[in-house]
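Here's the letter readout for the chains.
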Amino acid sequence: MKNLIACALLAFASACGPAQAPRTQPAAQVLPEGLEVRDAWAAATPGGVDVAAGYLSIANGGPADSLLSVSSPRAASVTIHEMSMNGDIMRMRNVEGGLAIPAQRMVTLAPGGGHLMFVGVSAPFVVSEEIPVTLTFANAGVREVMFPVRAGR
C-alpha cells in the first residue's frame, strides 16, 4: 500500500513539475459572457493511480467572473489548487471561494503552478482520449469543456 501511495504522489508531482511548452494548441473553446478556454488538457495517469492534474487558460474579454467549481464524470471530485514552493517543499491547497477571472485578463493553470486536481479517477486517463469537464462560473453559468489527455508535462 505504501508503494502505491508513493507511486501516486510521484506521478502527481511529476505532472505538476516545471512548465514546458505545450505540444499542440487545440482549438479554443469559446464560452458565452466573453470567456474563452484555451489549451485545456489533462495529464495521463499510470494504472493504479487515482489522481490526475488538469490545466487550462481562461481568457476573459468581458466582465469579471469566477470559476466556482469543476466536475467530471471521470473523477469523484475535481478541485482547483494553488501550488507554491516553500524552500524545497511543494505546498498545494484548494482555492477557496472560486478562481477569480478578472475582466479583460487571462488566467492560466499550468504545470508548476495552479492546476485542477482530479481525485478518485474512475479509470486511467489515456493519451489521446478526451475527458469531459464541467466548469461552473459565477456569471457565465455551467459550461462543458473537453480536456485532451497528454503524456506528462
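Residues numbered from 1 in each chain as written. Predicted model: local features only at pLDDT ≥ 70, side-chain atom pairs only at ≥ 80, totals over all residues. Heavy atoms only, no water.

A. The arrangement of the overall build of the protein in detail. A tally of regular secondary structure across the protein gives 1 helix and 11 strands. Starting at the N terminus and ending at the C terminus, the protein contains elements arranged as α-β-β-β-β-β-β-β-β-β-β-β. Of the accessible surface of the protein, which amounts to about 7800 Å², a share of 58% is contributed by carbon and sulfur atoms. (Helix = DSSP H or I, 4+ residues; strand = E, 2+ residues; numbered from the N terminus. Areas by Shrake-Rupley, 256 points an atom, 1.4 Å probe, with all protein chains shown as cover.)

B. Representation of unusual backbone geometry. One non-glycine residue, Asp39, lies in the positive phi region at around 50°. For Asp39, a relative accessible area of 13% corresponds to the buried category. Although it is not a glycine, Gln104 sits at a positive phi angle of roughly 60°. Among the structural elements, Gln104 can be located in the loop between strand E7 (99-101) and strand E8 (105-109). (Buried < 20%, exposed > 50% of the residue type's maximum accessible area, 1.4 Å probe, protein only.)

C. Inspection of the pattern of salt bridges at higher detail. Under the counting rule described, the total for this entry stands at 3 salt bridges. Between Glu36 and Arg38 there is a salt bridge, with its nearest N and O atoms 2.9 Å apart. Judged by its relative accessible area of 23%, Glu36 is partly exposed. We classify Arg38 as partly exposed; its relative accessible area is 32%. (Salt bridge = Lys/Arg side-chain N within 4 Å of Asp/Glu carboxyl O.)

D. Up close: the confidence of the model for the protein. Put simply, the protein has an average pLDDT of 82, and 78% of its residues get 70 or more. Looking over the protein, one finds the lowest element-wise mean pLDDT in helix H1 (residues 2-15), namely 41, and the highest in strand E10 (residues 130-137), namely 97. Scored below 50 in pLDDT, residues 1-25 makes 39 contacts in the model with residues more than four places away or belonging to other chains. (pLDDT = per-residue confidence, 0-100. Contact = heavy atoms within 4.5 Å.)

E. Here's a closer look at the nonpolar core. Ranked by internal contacts, the top residues of the largest apolar core, which has 29 residues, are Leu56, Leu116, Phe118, Leu135 and Phe147. In contact with Leu56, other than residues within four places in its own chain, are Val37, Arg38, Asp39, Ala40, Val107, Thr108, Leu109, Leu116, Leu135 and Phe147. (Core = buried A, V, L, I, M, F, W, Y, C linked by side-chain atoms within 4.5 Å.)

F. Examining the pairing of strand E6 (residues 89-94) more closely. In this sheet, E6 lies alongside strand E5 (residues 75-86) in antiparallel orientation, the contact comprising 6 bridges. Each bridged residue has a counterpart across the sheet, and for Asn86 the counterpart in E6 is Ile89. Counted between consecutive antiparallel strands, the loop separating E5 from E6 contains 2 residues, among which Gly87 sits at a positive phi close to 70°. (Pairing = 2+ DSSP bridges.)

G. Region of interest: a nonpolar patch on the surface. Residues Met85, Met90 and Met92 make up a contiguous nonpolar surface patch of about 260 Å² in total accessible area. Summarising the element assignment, Met90 is placed in strand E6. (Patch = residues over 30% accessible without salt bridge, like charges linked within 9 Å, V, L, I, M, F, W, Y side chains within 5 Å.)

H. Structural detail: the environment of Val119. Here Val119 is to be found in strand E9 (residues 115-121). Owing to a relative accessible area of 30%, Val119 belongs among the partly exposed residues under this scheme. Linking Val119 and Ser77, residues 42 residues apart in sequence, is a C-alpha distance of 5.3 Å. Those residues in contact with Val119 that lie beyond four places of it in its chain are Asp50, Val51, Ala75, Ala76 and Ser77.

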